[in-house]
Structure formats: structure tokens, C-alpha cells
Amino acid sequence: MRVRECVVFAVMGSLTEKLPFVVLVSFIQLRLTLTGDCPADGRTWVPFQDKCYHFVHGAEDQIKSYTYARAKSLCQGFELLSIQSVQENDFAIKYSPEVWKGTVNVWLGMYFDTDNDTMRWSDNSPVKFTNWEDDSSPDIALMDTCGVLHSNSGKWQKVSCLDEVENGVVCEAKQEAEKAKRTPSPALSILVILSVITVVGVSAGIWFLYQKQNLGSNIFTAFEYHPPFRVLEPDQSCLVDAEEADSVP
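Here is what the cut-offs are and how they apply
Residues numbered from 1 in each chain as written. Predicted model: local features only at pLDDT ≥ 70, side-chain atom pairs only at ≥ 80, totals over all residues. Heavy atoms only, no water. Pairing = 2+ DSSP bridges. Helix = DSSP H or I, 4+ residues; strand = E, 2+ residues; numbered from the N terminus. Axes fitted to C-alpha atoms, helices over the stretch in contact; angles between N-to-C directions. Contact = heavy atoms within 4.5 Å. Buried < 20%, exposed > 50% of the residue type's maximum accessible area, 1.4 Å probe, protein only. Polar contact = N/O pair within 3.5 Å; in protein donor to acceptor, adjacent residues only side chain to side chain. Phe/Tyr/Trp six-rings, centres within 6.5 Å; stacked < 30°, edge-to-face > 60°. Disulfide = S-S within 2.5 Å.

Asker: Describe the sheet that holds strand β7 (residues 145-150), with residues and values.
Answerer: Pairing within the open sheet is antiparallel, and its 3 strands lie in the order β4-β7-β8. Two strands bound the open sheet, and with one partner strand each, they are β4 (105-108) and β8 (156-160). Direction aside, the axes of adjacent strands within the sheet are offset by 40° on average. Of the pairings in the sheet, the one linking β7 to β8 comprises 5 bridges and is antiparallel in character. Its bridge partner lying in β8, cysteine 146 is registered against valine 159.

Okay, here's the thing in C-alpha cells:
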């Protein structure tokens, strides 16, 4: 009987020692999934993937429109919206109703490069992902060609960059590289929680099974008070019992 008790305490001791480690690993993993830092310039920035976005707006229910030149100046050192993937395109059109009431066209930070006869982003990178409307070929001078995003459809349209054309503005900034991290993963969070629950559950199960099988104990003796001084480790307790048994005449 005493041998079984020592085995139970040894198993529980092993699981209990691992529990703080599991909790620590879970905390570190969740910390590493936090998003990176956006510019701290007093404006509201919305993080998505490895970028941050500021949707320029006026009073509630009022769509603020600006010329292309004014739009660039409003971003104050940052870039106008550039879209590199379908996910980023979906983000822009799904978040727009949170800022603007109704539909609005949003300036894209692109221009027509007359040297290569292609559209390029304002940081001079090539436009690889596109979502142009089928009829996006207006009769305008190529050197004055810019692009807009329709917030209702997600499609792009080529428009004039001249001062009489006004559209909504979204500024864009990269998250700080040294602090940028992955977005939270729901699957990882669930896995971490289940791991902690499993360890605690197995420990409790072994303890209650032992109490149930021990005829000389009541299952509620697990909750008896024991003085906090000189608590022996499971292995030390077993060694003491063995020595006492040997010393009996």
C-alpha cells in the first residue's frame, strides 16, 4: 500500500513540476503573437498584417474628399494606400464603412511611369497585384493617370491626378521592423489552453483515484490543512518510511 502511495506522489510531483513550465511557455507564445507597433503621432492607426493604416475622415456621416496632391500632403511623410494582395484589398473595403458613411473612392498611391509605360507605386515599386475594372481605360493623358479604389466593389479605376478630382484618403505605414510580430493565432491560443487544462486534469484525476482506493481515507482528506513547515519531497518521504520500517525490531 505504501509503495502505491509513493508512486502516486511521484507521478503527481512530476506533473506539478511541469505545470509552471507549460504556463510559462504558453505566456511566451501568446506574447510573440502580438501585433507590432504603429506610428505614435496622435492619429488613429489600424494594424493589419505588417502595415498600419490611417483612414482620414471628418465629422460623422461626412465623406472627406481631397485632391491627389492634398492627399499626399495629409499623409505627412507616409505613403498613400498601396495594395499588394487580395487580403489587403478586402481589408480596405471592409474597414471603410467603419470610417465613412456610404461609398467612397479612395486614392491609391500609384502613378504612371512614362519611362517604362507602366503603373508604379509611389515608393517606385512595381504594381504586381491588380484589381482593375474591365473598362478602366479613361481618355486621359497617361502622365496624369492615377488610381482609385471603389469602397463598394473593391475594384480599381484609373482616373486623372489633376486638382479638380477629389477622393478619400488612406495613409499607410510599415510597422516597426524590430517590433513587428505575427497576428494572434486562435488555434495556438486554444492549443495552449488545452495543454494547461490537460496537465491540471490528469493531476487531479490521479489524486482522487488514489483517495477513492485508499480504504483508510475519505476522499475529502485531500483538502485537510497541513502545516506549511518542513514538507518533505515525495522521494524523501518514501526514504524515511523505508528507514523506519528497517529500524523496527
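Once you've had a look at it, read on.
Asker: A description of the sheet that holds strand β3 (residues 79-80) should follow, citing residues and the corresponding values.
Answerer: Here we have 4 strands laid out as an open sheet, ordered β1-β2-β9-β3, and antiparallel in their pairing. Both edges of this open sheet fall to β1 (46-48) and β3, since each of them pairs with a single strand only. Here strand β2 (residues 51-55) pairs with strand β9 (residues 170-174) via 5 bridges, running antiparallel. Across the sheet, phenylalanine 55 pairs through a bridge with valine 170, a residue of β9. Across the sheet, helix α3 (residues 86-95) is in contact with β1, β2 and β9; its angle to β2 comes to roughly 30°.

Asker: Go over unusual backbone geometry, please, and point to the residues and values.
Answerer: The backbone of aspartate 117 sits at a positive phi, close to 55°, despite the residue not being glycine. Tracing the backbone shows aspartate 117 in the loop between β5 (110-113) and β6 (118-121). Classification of aspartate 117 as exposed rests on a relative accessible area of 54%. Even without glycine at this site, asparagine 124 takes up a positive phi of about 75°.

Asker: Before we move on, can you summarise the environment of glutamate 133 with the specific residues and values?
Answerer: Considering the arrangement of structural elements, one finds glutamate 133 in the loop between β6 and β7. Ignoring any residue separated from it by four or fewer positions in sequence, one finds glutamate 133 in contact with His150, Lys155, Trp156 and Gln157. Engagement of the side chain of glutamate 133 in a polar contact is seen with the side chain of histidine 150, the distance being 3.4 Å.

Asker: Can you explain the packing of aromatic side chains? Please cite residues and give values.
Answerer: Counted by the stated rule, this structure contains 11 aromatic pairs. Ring plane angle 5° and centroid distance 4.5 Å describe the contact between phenylalanine 48 and phenylalanine 91, whose orientation is recorded as stacked. Separated by 43 residues along the polypeptide, phenylalanine 48 in strand β1 and phenylalanine 91 in helix α3 bring together distant segments of the chain. Judged by its relative accessible area of 21%, phenylalanine 48 falls in the partly exposed class. Judged by its relative accessible area of 13%, phenylalanine 91 is buried.

Asker: Explain the state of the cysteines to me, and be specific about the residues and the numbers.
Answerer: By definition, a disulfide links two cysteine residues through a covalent bond between their sulfur atoms. Under the definition given, this model contains 3 disulfides. Each disulfide pairs two cysteine sulfurs, and for cysteine 38 the partner residue is cysteine 52, the sulfurs being separated by 1.9 Å. On the S-S bond that ties cysteine 38 to cysteine 52, the torsion sits near -80°, and the link is left-handed. One end of the pair, cysteine 38, is in the loop between α1 (2-32) and β1; the other, cysteine 52, is in strand β2, and 14 residues separate them in sequence. Here cysteine 38 and cysteine 52 have matching classes, each one buried. Each sulfur of the disulfide joining cysteine 75 and cysteine 171 lies 2.2 Å from the other. Classification of the bridge connecting cysteine 75 and cysteine 171 rests on its S-S torsion, roughly -95°, and on that basis the disulfide is left-handed. Placement of the pair is cysteine 75 in the loop between α2 (68-74) and β3 and cysteine 171 in strand β9, with a sequence separation of 96 residues. Classification of cysteine 75 by relative accessible area gives buried; the value is 0%.

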